[in-house]
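# Observations on the model geometry
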Amino acid sequence: MNGLALHDTPAPASWRIALPHTVAAVPVARALVRTALAEVEHAADSDTAELLTAELVANAVEHAAGDGPIELVVELLPSGCRVEVHDPDPAPPADLTLPHPVGHPDPWQEHGRGLLLIRALSSSCGHRPTDSGKAVWFRLPVVPPQRRPA
């Protein structure tokens, strides 16, 4: 049989790219997410996806031990998108999945809000161990057509 049957759904599109373990990885990751979401008619919010991706990549660059590359995985799903950042450090990110983290970010510090943003703006987020360290991820839902800018 050629083509998709009515009950088949197309496989999700995905991208996987190795990024340098430097701050130069952040704009590259943002650009990849922006480009990936621009190709989809019914996509997640690109601005939110870029912001949260930048936070995950910046955290991996700043907190993961070593200088090996980090990896960005972007998966476009019928329900939205999923973004993962893989790094070589097996230690889980602090406070990512806690419902009410201990303390609040210091308003005078530049750091301490990234994981809070990820928890607040994503539909779900988490982390999992990998063979070479860990993957930290978030999901965003599809933006309904009436909520998209014209």
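The structure under discussion appears in the preceding block.
A brief look at the structure comes next. Nothing here was measured: the structure is a model prediction, and the numbers come from that model.

Attention now moves to the overall build of the chain. Secondary structure summary: the chain contains three helices and five strands in total. When the elements of the chain are put in sequence order from the N terminus, they spell out β-α-α-β-β-α-β-β. Out of the 150 residues in the chain, the part that is buried amounts to 37%. Taking contacts inside the chain between residues at least 6 apart in sequence as the whole, the part at least 24 apart equals 67%.

Here we come to the packing of helix H2 (residues 46-63) against helix H3 (residues 114-121). Remark: H2 packs on H3, axes separated minimally by 9 Å, with the N-to-C direction vectors making an angle of 145 degrees. Note that H2 runs across H3; the crossing there is left-handed. On the side of H2, the interface is formed by Thr-48, Leu-51, Leu-52, Glu-55, Leu-56 and Asn-59, while H3 contributes Gly-114, Leu-115, Leu-117, Ile-118 and Leu-121. In the contact of H2 with H3, the residues fall into seven nonpolar, three polar and one charged.

Turning next to the sheet that holds strand E5 (residues 133-141). Read across the sheet, five strands follow the order E1-E2-E3-E5-E4 without closing on themselves; strand pairing throughout is antiparallel. Strands at the two margins of the open sheet, each flanked by one partner only, are strand E1 (13-19) and strand E4 (124-130). Put simply, the sheet's adjacent strands are angled 15 degrees from each other on average, direction ignored. In this sheet, strand E2 (residues 70-77) lies alongside E1 in antiparallel orientation, the contact comprising seven bridges. From the neighbouring strand, Ser-14 faces E2, where its bridge partner is Glu-75. Along the sheet, H2 makes contact with E1, E2, strand E3 (80-87) and E5, crossing E5 at roughly 170 degrees.

With respect to burial, E3 is a largely interior element, eight of its eight residues being buried. Pairing geometry for E2 and E3, over seven bridges, is antiparallel. Residue pairing for E3: Glu-75 is matched across the bridge by Arg-82. Between the antiparallel neighbours E2 and E3 lie two residues.

Looking now at the packing of aromatic side chains. What the rule picks out here adds up to zero aromatic pairs. When the ring centre of Trp-137 is taken as origin, the NZ or CZ atom of Arg-82, which lies over that ring, is 4.4 Å away.

The next point concerns the nonpolar core. Grouped together as the largest cluster of nonpolar side chains are 30 residues, with contacts concentrated most on Val-57, Leu-72 and Phe-138. Secondary structure elements with two or more residues in this core: helix H1 (25-38), H2, E2, E3, H3 and E5. Excluding residues within four positions of it along the chain, Val-57 makes contact with Leu-19, Ala-25, Val-26, Ala-29, Ile-70 and Val-85.

Criteria and thresholds
- All residue numbers here refer to positions counted from 1 along the written sequence of the relevant chain.
- Two thresholds apply to this predicted model, a pLDDT of at least 70 for residue-level local features and 80 or more for giving and counting side-chain atom pairs, whereas whole-chain, interface and lining totals are computed over all residues.
- Excluded from the side-chain calculations are hydrogens and water; all other atoms, namely the structure's heavy atoms, are used.
- Secondary structure counts use DSSP, requiring at least four H or I residues in a row for a helix and at least two E residues in a row for a strand, with both numbered from the N terminus.
- To sort residues, take the accessible area from a 1.4 Å probe on protein chains only and compare it with the maximum for the residue type: under 20% means buried, over 50% means exposed, and anything in between is partly exposed.
- Any two residues whose heavy atoms approach within 4.5 Å at even a single point are treated as in contact.
- Lines fitted to C-alpha atoms define the axes here, with helix axes fitted over just the stretch in contact, and angles between the N-to-C directions of these axes take values from 0 to 180 degrees.
- Each crossing is labelled by how the near helix is turned from the far one, with a counterclockwise turn of less than a right angle marking it left-handed and a clockwise turn marking it right-handed.
- Here the term charged refers only to Asp, Glu, Lys and Arg, the term nonpolar to Ala, Val, Leu, Ile, Met, Phe, Trp, Tyr, Cys and Pro, and the term polar to all other amino acids, Gly among them.
- Here a strand pair is declared whenever DSSP counts at least two bridges between the two strands.
- In this analysis, rings of Phe, Tyr and Trp, with Trp reduced to its six-membered ring, are considered paired at centre separations within 6.5 Å, and the interplanar angle assigns stacked below 30 degrees, edge-to-face beyond 60, and tilted for intermediate values.
- Sitting over a ring, as applied to charges here, requires NZ of Lys or CZ of Arg to be within 6 Å of the ring centre and within 35 degrees of the ring normal.
- Each nonpolar core is a collection of buried residues, namely Ala, Val, Leu, Ile, Met, Phe, Trp, Tyr and Cys, held together in the definition by side-chain atoms within 4.5 Å.

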